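This is what each chain is made of:
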Amino acid sequence: MSKLKIAIQKSGRLSEKSLDLLKDCGIKISNGDRRLKTEAQNFPIEVLFLRDDDIPQYVEQGVADVGILGENEVWEKEKDVQIVEKLGFASCKLSLAIPKDEGYFGLEYFNNKKVATSYPKILKKYFDEKNITVEIEEIGGSVEIAPGIGLANAIFDIVSTGSTLLMNGLKEVEVVCKSTAVLISNKSLVNEKQAILEKLLFRIKAVRTAVENKYILLNAPITAVEKISSILPGMKAPTILPLAEEGWVSIHSVVKEDEFWEIIDQLKTFGAQGILVVPIEKMVL
Ligand code: ATP
Ligand code: MG
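Residues numbered from 1 in each chain as written. Chains lettered and ligands numbered in written order. Predicted model: local features only at pLDDT ≥ 70, side-chain atom pairs only at ≥ 80, totals over all residues. Heavy atoms only, no water.

### As for the packing of aromatic side chains
For any two aromatic rings, the description comes down to two numbers: the centre-to-centre distance and the angle of the planes. Rules: Any two of the Phe, Tyr and Trp rings considered here, Trp counted by its six-membered ring, make a pair once their centres fall within 6.5 Å; the pair's planes then place it as stacked at under 30 degrees, edge-to-face at over 60, or tilted in between. Only DSSP runs of H or I covering at least 4 residues are called helices, and only runs of E covering at least 2 are called strands; the numbering of each starts at the N terminus. In this scheme, a residue with accessible area under 20% of its type's maximum is buried, one over 50% is exposed, and one in between is partly exposed, where area comes from a 1.4 Å probe on protein chains only. We call a charge positioned over a ring when the NZ of a Lys or the CZ of an Arg lies within 6 Å of the ring centre and within 35 degrees of the ring normal.
Summed over all chains, the structure comprises seven aromatic pairs. With a centroid separation of 5.5 Å and 50° between ring planes, the pair formed by Phe110 and Phe127 is classed as tilted. Of the two residues, Phe110 is situated in the loop between strand S6 (92-99) and strand S7 (114-117) and Phe127 in helix H4 (residues 120-129); the sequence distance between them amounts to 17 residues. For the pair Phe110 and Phe127, a shared accessibility class is recorded, and that class is buried. Put simply, the rings of Tyr104, Phe105, Tyr109, Phe110, Tyr126 and Phe127 pair up and form one aromatic cluster. The lysine or arginine in question, Lys113, covers the ring of Tyr109, its NZ or CZ lying 3.9 Å from the ring centre.

Put into structure tokens, the structure is as follows:
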């Protein structure tokens, strides 16, 4: 039986999260000795550990069938691959930054300036669309030191908190795009591999839905059930169980993580007590 070959980053920001995702999908992988490739014990996949920059090329060529990497690398490499799922981790933005004491009055600032970056294709496309002429200086890493050493006037790089910029006397002036980790796939997988990918995607979606939802349990007077049910829909409807104390029930339901605080306040005004909120491991809709 053939296996789906999945490429993940060998060592870097995505490595651990990629392995965690597979683990949360119930896939057992032993990577004790950091080999180049390893097979899962209980799922038909083979994991290849590669540099993230190389993953689009390998997936295009079919050396790997699918891969996990930052969307930014997919855009930059412009390989013929398909993005099949956003994975929600490694969120970052790609921004333009200039020396912090310079005045900034809009994109015109960059006309005829030199910008250092590891993402020349994304940057060129951006400035071409805006009709701005810049000189792009491609460098492999430590982009943020370029203005300080006189290599460029500005930089285009990944920014998460901005503290690296600040340490290098720079300020962010434009957010060009936002990226998260994605699962990419070769465009012509054989049926057998496509079927394994579907199975993997089903599991990934169940894991991601679970992360976005919480299980909520609370006690309430029976008279408040109707009001509480209206704000706690659950997957179908909330589960309501009698408590040993007359006139009281226990209500169980599922709430979205981002709606949670608002709902809690309303629940309290309806008389809810002993509210517990617990994580969900997997959720299949
Ligand atoms: P490699 O040696 O494999 O080429 P790398 O140095 O290019 O590794 P990392 O720094 O490990 O890459 O980053 C990998 C990906 O993680 C980036 O392409 C980006 O999508 C995301 N990323 C990078 N920096 C951050 C950050 N500060 N916050 C969130 N995500 C980030
Ligand atoms: Mg890289």
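Now that the structure has been shown, we can carry on.
### Here we look at the pattern of salt bridges
Note the threshold: Salt bridges are counted wherever a side-chain nitrogen of Lys or Arg sits within 4 Å of a carboxyl oxygen of Asp or Glu.
Under the defined criterion, the tally for this structure stands at 15 salt bridges. For Lys37, the salt bridge identified is with Glu46, shortest N-O distance 3.6 Å. Assessed through its relative accessible area of 13%, Glu46 is described here as buried. The salt bridge partner of Arg208 is Glu212, with a shortest N-O separation of 3.6 Å. Of this pair, Arg208 and Glu212 both sit in helix H6 (residues 191-212), four residues apart, roughly one helical turn.

### Comments concerning the coordination of the magnesium ion (ligand 2)
Our working definition: Coordination partners: N, O, S within 2.8 Å of the metal, 3.2 Å for Na, K and Ca; water not considered, so apparent gaps in a site are possible.
At this site the magnesium ion (ligand 2) is bound by Asp52 (OD) and Asp53 (OD), with donor distances of 1.9 to 2.1 Å. Classification of Asp52 as buried rests on a relative accessible area of 14%.

### Focus: a negative patch on the surface
As a reminder of what qualifies: A residue counts toward a patch only above 30% relative accessible area and without a salt bridge, and it is joined to like-charged neighbours within 9 Å or, for Val, Leu, Ile, Met, Phe, Trp and Tyr, to nonpolar neighbours within 5 Å. Using a 1.4 Å probe, the Shrake-Rupley method yields the accessible areas, and only the shown protein chains count as cover for residues. As used throughout, the charge tally considers Lys and Arg to be positive and Asp and Glu to be negative, leaving His and the chain termini uncounted. Throughout, a charge is located at the NZ atom of Lys, the CZ atom of Arg, the CG atom of Asp or the CD atom of Glu.
On the surface, a cluster of negative charge is made up of Asp258, Glu259, Glu262 and Asp265. Residue position: Asp265 is located in helix H8 (residues 260-269).

### Things to note about the side chain of Ser15
What counts here: By the criterion applied in these results, polar contacts are pairs of N or O atoms within 3.5 Å in which, for protein atoms, one can donate a hydrogen and the other can accept it, and in which residues neighboring in sequence qualify only through two side-chain atoms. In this analysis, two residues are considered to be in contact whenever any of their non-hydrogen atoms come within 4.5 Å of each other.
Its place among the elements puts Ser15 in helix H1 (residues 15-24). Relative accessible area serves as the criterion here: at 5%, Ser15 is assigned to the buried category. Reaching out from Ser15, the side chain makes a polar contact with the backbone nitrogen of Ser11 at a distance of 3.4 Å. A distance of 2.9 Å separates a polar side-chain atom of Ser15 from the backbone nitrogen of Gly12. In contact with Ser15, other than residues within four places in its own chain, are Gln9 and Lys10.

### Thoughts on the domain arrangement of the protein
To keep things clear, this is the line we draw: The split into domains, and so the bounds of each, comes from an automatic or database assignment of domains.
Partitioning the protein into structural domains gives domain 1 (4-89 + 180-189), domain 2 (92-179) and domain 3 (213-279). Centre-to-centre, using C-alpha coordinates, domain 2 lies 49 Å away from domain 3.

### Quick word on the state of the cysteines
Let me state the cut-off plainly: Note on disulfides: each one is a pair of cysteine sulfur atoms within 2.5 Å.
A full pass over the atoms with the stated rule returns zero disulfides. The cysteine Cys92 is free of any disulfide, with Cys177 supplying the nearest cysteine sulfur at 8.5 Å. Among the residues examined, Cys177 registers a relative accessible area of 15% and is labelled buried.

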